[in-house]
Protein chains: 2
Amino acid sequence: MTRLDRVVVIGTGLIGTSIALALRHEGVEVCLHDRDDASLRLAVALGAGIPLASSEHTGPADVAIIAVPPAVAPATLKSAQDEGVAEVYTDTASVKTHLVRRAAALGCDMTTFVPGHPMGGRERTGPAAAQADLFLGRPWALCPTPDSTPHSLAVVDELARRCGGRPIVMDAHDHDQAVALVSHLPHAISAAMSARLLGAGSHSLDLSGQGVRDVSRLAGGSPAMWTEILVQNAEPLASVFDAVIDDLHTLAQALRKVSAGDDPSADVVRDLLERGRAGRELIPGKHGGPATDYVVLPVVIPDEPGALARLFSAAQESNVNIEDVSLDHSPGLPVAVAHLSVHPDSLASLSEGLAKRGWMVHTPPSDR
Amino acid sequence: MTRLDRVVVIGTGLIGTSIALALRHEGVEVCLHDRDDASLRLAVALGAGIPLASSEHTGPADVAIIAVPPAVAPATLKSAQDEGVAEVYTDTASVKTHLVRRAAALGCDMTTFVPGHPMGGRERTGPAAAQADLFLGRPWALCPTPDSTPHSLAVVDELARRCGGRPIVMDAHDHDQAVALVSHLPHAISAAMSARLLGAGSHSLDLSGQGVRDVSRLAGGSPAMWTEILVQNAEPLASVFDAVIDDLHTLAQALRKVSAGDDPSADVVRDLLERGRAGRELIPGKHGGPATDYVVLPVVIPDEPGALARLFSAAQESNVNIEDVSLDHSPGLPVAVAHLSVHPDSLASLSEGLAKRGWMVHTPPSDR
């Protein structure tokens with residue numbers, strides 16, 4: 001097993017502090033540094049580690065994580081390497097080719113550097129939002145340069161695993177193409193859709209359902225941070241936008257033709273919707289492997305303290321593991337609906353067990 | 001109170017059967033009709049009502065709900081009115097101006113007709129997916145024509161309320177503009193985004209996080225059904241697409257300029273993201289009123305039967321109402337994280353109460 005006794009985290013924002021917390025839970029010794037004293041003090045207070053300046057160690061740490069904003073990451077890496085802070089280095093920026101190019105231009109040692117990208121973002125920033133479990137089960141891209149040594153890669157791979165992440169080794173160029181598709185495009189699309197709501201009457205927004213809420217969620221992220229991310233991945237992203245624009249343009253034209261009486265143009269609309277559904281089905285399930293088809297059992301519950309506890313007690317007596325749960329509240333009504341996700345094999349026993357104990361269980365949908 | 005003793009539901013798909021089930025729960029007498037015998041029998045078996053053909057009543061019902069696909073709704077309305085099935089009529093189609101125009105052209109009586117749109121869709125279809133609570137707390141648009149009588153409107157308003165819906169009276173044109181923005185645009189945008197995933201390598205999709213899952217969810221809906229919906233609202237929708245295309249085009253151009261060294265173009269990117277965030281903030285909260293800012297408390301739990309029951313029991317002992325809950329599972333790890341949403345006032349007592357009982361509670365984020 002690769003040794004990981006002591007690490008240095010440079011930059012105690014959300015990502016750096018979450019990594020530090022995860023490693024502390026694992027018993028790893030963590031030294032912290034941030035040029036902002038308040039941020040550093042908060043991270044220390046959260047138990048993320050001790051200040052690097054007050055560490056008694058003089059030799060290099062096993063690995064240093066450069067978790068500063070991408071714009072300053074290459075220079076931060078260079079000075080950390082110049083000071084010999086650690087034997088191996090990684091970073092956490094969401095775009096890799098741009099950063100690698102700038103690091104190389106600054107003369108960084110590329111043999112000890114393994115660019116990384118833990119995918120555990122959230123819509124909040126700063127050390128106070130940090131969680132030791134931020135990376136649990138999440139992909140963590142590792143993009144070794146042509147010069148990164150196997151030892152450097154092994155150390156950073158171990159780092160990702162100790163934080164609970166799922167390391168995926170890939171080329172920096174492939175990584176940037178991938179995040180353009182699965183991260184940056186959804187974000188920009190969410191913003192472009194949400195921007196349309198600014199022109200809506202208030203009555204319009206009264207009709208908002210779960211759909212517009214889902215699609216708009218990402219638009220709530222920090223515009224400053226996301227501008228920096230999108231701009232660093234400008235080229236791959238612009239090409240993806242071109243393709244989306246083409247599709248939407250074709251769609252708008254088809255709708256106008258249908259409106260003018262050309263019924264066959266509806267096939268163009270349907271083609272895009274079919275491709276969208278096919279694309280969505282390629283997304284792997286939450287647990288990494290192929291998406292498991294859980295079935296959902298809706299149960300009506302009183303909207304009061306303790307109702308969920310009683311419901312889950314009843315589920316426990318049926319010895320069924322609830323895989324997921326979501327709640328729908330009813331404004332002005334004293335009931336809510338709990339949607340319980342379970343393995344298809346457990347559905348019958350859960351449904352019967354709950355009904356027997358007096359819960360109002362709905363016939364689960366049998367089609368898709 | 002407006003009388004609602006007996007109703008006729010024509011069309012026993014998801015929406016019609018759900019309305020029937022909701023009214024049966026309210027003790028209303030429901031007669032069902034569907035030109036597809038299998039669908040009708042299933043709805044009857046689910047307890048949604050009795051077949052219209054076997055009803056002993058001869059006089060008109062209080063209201064008839066035309067819940068057939070929009071393409072055949074006007075003709076269905078006309079023949080129901082010709083037969084004198086009810087005193088008042090409504091429908092459930094997602095687009096209103098197109099339908100009203102066609103109904104008028106067929107010579108339907110517009111005084112007894114109040115077009116309606118219950119917003120409780122789901123990604124499934126057919127009577128088996130029906131739920132009596134499908135409309136609980138959901139908006140239900142009522143779009144009276146200039147000729148609809150006040151009595152007709154009162155009856156359909158009562159119908160919506162008895163189903164648990166939240167009636168919103170609006171002009172048909174305003175309704176169609178509104179759903180173009182809050183329903184049809186999100187759907188099409190979700191499809192256009194998801195269609196891009198077809199070209200992705202499998203490694204790319206390994207990096208999928210919650211963001212792309214949220215934005216792509218709607219794309220999983222039925223392409224056939226959604227083609228019909230989008231096509232019927234073609235004009236308003238095409239204009240909305242034009243505006244989105246403009247924004248995305250400007251964004252792509254700005255990214256290319258930044259890539260070519262023109263740093264100030266990043267402000268164009270940020271402008272769109274700012275507008276997106278502002279638009280998103282206009283969406284009202286789940287409960288109808290302004291969005292309540294719940295705080296989220298993450299708690300680590302063992303991934304085993306009964307864990308949630310014990311957690312909710314502990315929450316109950318703190319007398320805190322859990323407003324929402326979501327679970328994050330960790331592949332390969334024996335733990336999950338439950339994210340409990342509570343009113344900010346309840347956070348401290350919940351957090352302390354759980355910690356005191358031995359649960360691993362994370363410091364909740366204090367910033368946004």
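Residues numbered from 1 in each chain as written. Chains lettered and ligands numbered in written order. Predicted model: local features only at pLDDT ≥ 70, side-chain atom pairs only at ≥ 80, totals over all residues. Heavy atoms only, no water.

(A) Seen up close, the overall build of chain A. Tallying secondary structure elements over chain A gives 13 helices and 12 strands in all. Put simply, chain A has 368 residues, and 56% of those count as buried. Here the contacts in chain A between residues at least 6 apart in sequence split such that 70% fall between residues at least 24 apart. Of the roughly 14,400 Å² of accessible surface on chain A, 51% is carried by carbon and sulfur atoms. (Helix = DSSP H or I, 4+ residues; strand = E, 2+ residues; numbered from the N terminus. Buried < 20%, exposed > 50% of the residue type's maximum accessible area, 1.4 Å probe, protein only. Contact = heavy atoms within 4.5 Å. Areas by Shrake-Rupley, 256 points an atom, 1.4 Å probe, with all protein chains shown as cover.)

(B) The pattern of salt bridges, seen in detail. Within this structure, the stated rule accounts for 30 salt bridges over all chains. A:Asp242 is the partner of B:Arg256 in a salt bridge, and the nearest nitrogen-oxygen pair spans 2.8 Å. Pair noted here: B:Arg256 is in helix 10 (residues 234–259) and A:Asp242 is in helix 10 (residues 234–259), and the two residues belong to different chains. Note that A:Glu317 is salt-bridged to A:Arg357, the shortest N-O span being 2.6 Å. Taken together, the residues span a long stretch of sequence, with A:Glu317 in helix 12 (residues 307–317) and A:Arg357 in the loop between helix 13 (344–356) and strand 12 (360–361) at a distance of 40 residues. Several salt bridges converge on common partners, so that one network encompasses A:Arg196, B:Asp247, B:Asp271 and B:Arg275. (Salt bridge = Lys/Arg side-chain N within 4 Å of Asp/Glu carboxyl O.)

(C) Highlighting the side chain of A:Ser55. Residues and elements named next belong to chain A. Within the secondary structure layout, Ser 55 lies in the loop between strand 3 (50–51) and strand 4 (63–66). For Ser 55, a relative accessible area of 14% puts it in the buried group. Polar contacts involving the side chain of Ser 55 include one to the main-chain amide nitrogen of His 57, which spans 3.2 Å. Those residues in contact with Ser 55 that sit more than four places away from it in its chain are Arg 6, Cys 31 and Ile 50. (Polar contact = N/O pair within 3.5 Å; in protein donor to acceptor, adjacent residues only side chain to side chain.)

(D) Molecular detail of the nonpolar core. Judged by nonpolar contacts, the single largest core of 96 residues is most densely connected at A:Leu207, A:Phe241, A:Leu248, B:Leu207, B:Phe241, B:Leu248 and B:Leu255. Those residues in contact with B:Leu248 that sit more than four places away from it in its chain are A:Ile189, A:Ala192, A:Phe241, A:Val244, A:Ile245 and A:Leu248. Among the nonpolar cores identified, the runner-up in size contains 40 residues, and A:Leu311, A:Ile322, B:Val325 and B:Trp359 belong to it. (Core = buried A, V, L, I, M, F, W, Y, C linked by side-chain atoms within 4.5 Å.)

(E) Spatial organisation of unusual backbone geometry. All names here are of chain A. Although it is not a glycine, Asn 319 adopts a positive phi angle of roughly 55°. The residue Asn 319 is located in the loop between helix 12 and strand 10 (324–329) in this model. You can call Asn 319 exposed: its relative accessible area is 61%.

(F) Just the sheet that holds strand 4 of chain A, in detail. All names here are of chain A. Here five strands make up an open sheet; going across it, the order is 3-2-1-4-5 and the pairing parallel. Sheet topology places strand 3 and strand 5 (89–91) at the edges, where each strand pairs with a single neighbour. Looking at chain direction, strand 4 and strand 5 are connected through three bridges and run parallel. Following the sheet pairing, Ile 66 is matched in strand 5 by Asp 91. (Pairing = 2+ DSSP bridges.)

(G) Structural context of the packing of aromatic side chains. Residue and element names in this part refer to chain A. Going through the model one piece at a time under the given rule, you end up with two aromatic pairs over all chains. Taking 5.2 Å as the distance between ring centres and 55° as the angle between the ring planes, the aromatic pair formed by Phe 135 and Trp 140 counts as tilted. With a relative accessible area of 1%, Trp 140 lands in the buried category. (Phe/Tyr/Trp six-rings, centres within 6.5 Å; stacked < 30°, edge-to-face > 60°.)

(H) Local environment of the side chain of B:His117. All names here are of chain B. By the secondary structure assignment, His 117 is in strand 6 (residues 116–118). Judged by relative accessible area, which is 7%, His 117 ranks as buried. Here His 117 is in contact with Asp 91, Thr 92, Ala 93, Ser 94, Lys 96, Pro 139, Trp 140, Ala 141, His 175 and Val 179, once residues within four sequence places are set aside.

(I) Inspection of the pairing of strand 1 (residues 6–10) of chain A at higher detail. All names here are of chain A. Counting buried positions along strand 1 gives five out of five residues, so the element sits mostly inside the fold. Burial along strand 1 is two-sided: Arg 6, Val 8 and Ile 10 facing one way and Val 7 and Val 9 facing the other are all buried. As paired elements, strand 1 and strand 2 (residues 29–33) share five bridges and run parallel to each other. Bridge pairing in strand 2 places Val 9 opposite Leu 32. Between the parallel elements strand 1 and strand 2, the chain passes through helix 1 (residues 14–25) in a crossover that is right-handed. Summarising the sheet, strand 1 and strand 4 pair through four bridges and their orientation is parallel. Note on strand 4: the bridge partner recorded for Val 9 is Ile 65. (Right-handed = clockwise from strand over helix to strand, strands pointing away.)

(J) Summary view of the sheet that holds strand 1 (residues 6–10) of chain B. Residues and elements named next belong to chain B. Strands sit in the order 3-2-1-4-5 across an open sheet of five strands; the sheet is parallel. Whereas interior strands pair on both sides, the edge strands pair on one side only; in this sheet they are strand 3 (50–51) and strand 5 (86–91). Where strand 1 and strand 4 (residues 61–66) come together, four bridges link them in parallel fashion. Among the inter-strand pairings, Val 9 is bridged to a residue of strand 4, identified as Ile 65. Sheet strands in contact with helix 3 (residues 73–83) are strand 1, strand 4 and strand 5, and its direction is about 160° off that of strand 4. (Axes fitted to C-alpha atoms, helices over the stretch in contact; angles between N-to-C directions.)

(K) A look at the packing of helix 6 (residues 172–196) of chain B against helix 9 (residues 223–232) of chain B. Residues and elements named next belong to chain B. Their axes nearest at 11 Å, the elements helix 6 and helix 9 cross at an angle of 125°. Classed by the angle they form, the pair helix 6 and helix 9 counts as oblique. The handedness of the crossing between helix 6 and helix 9 is left-handed. Contacts from Ser 183, His 184, His 187 and Ala 188 of helix 6 reach helix 9 at Trp 226, Ile 229 and Leu 230. Class assignment of the residues belonging to the contact of helix 6 with helix 9 gives a composition of four nonpolar, three polar and no charged. (Parallel < 35°, antiparallel > 145°, perpendicular 65-115°, else oblique. Left-handed = near helix turned anticlockwise from the far one by under 90°. Nonpolar A, V, L, I, M, F, W, Y, C, P; charged D, E, K, R; others polar.)

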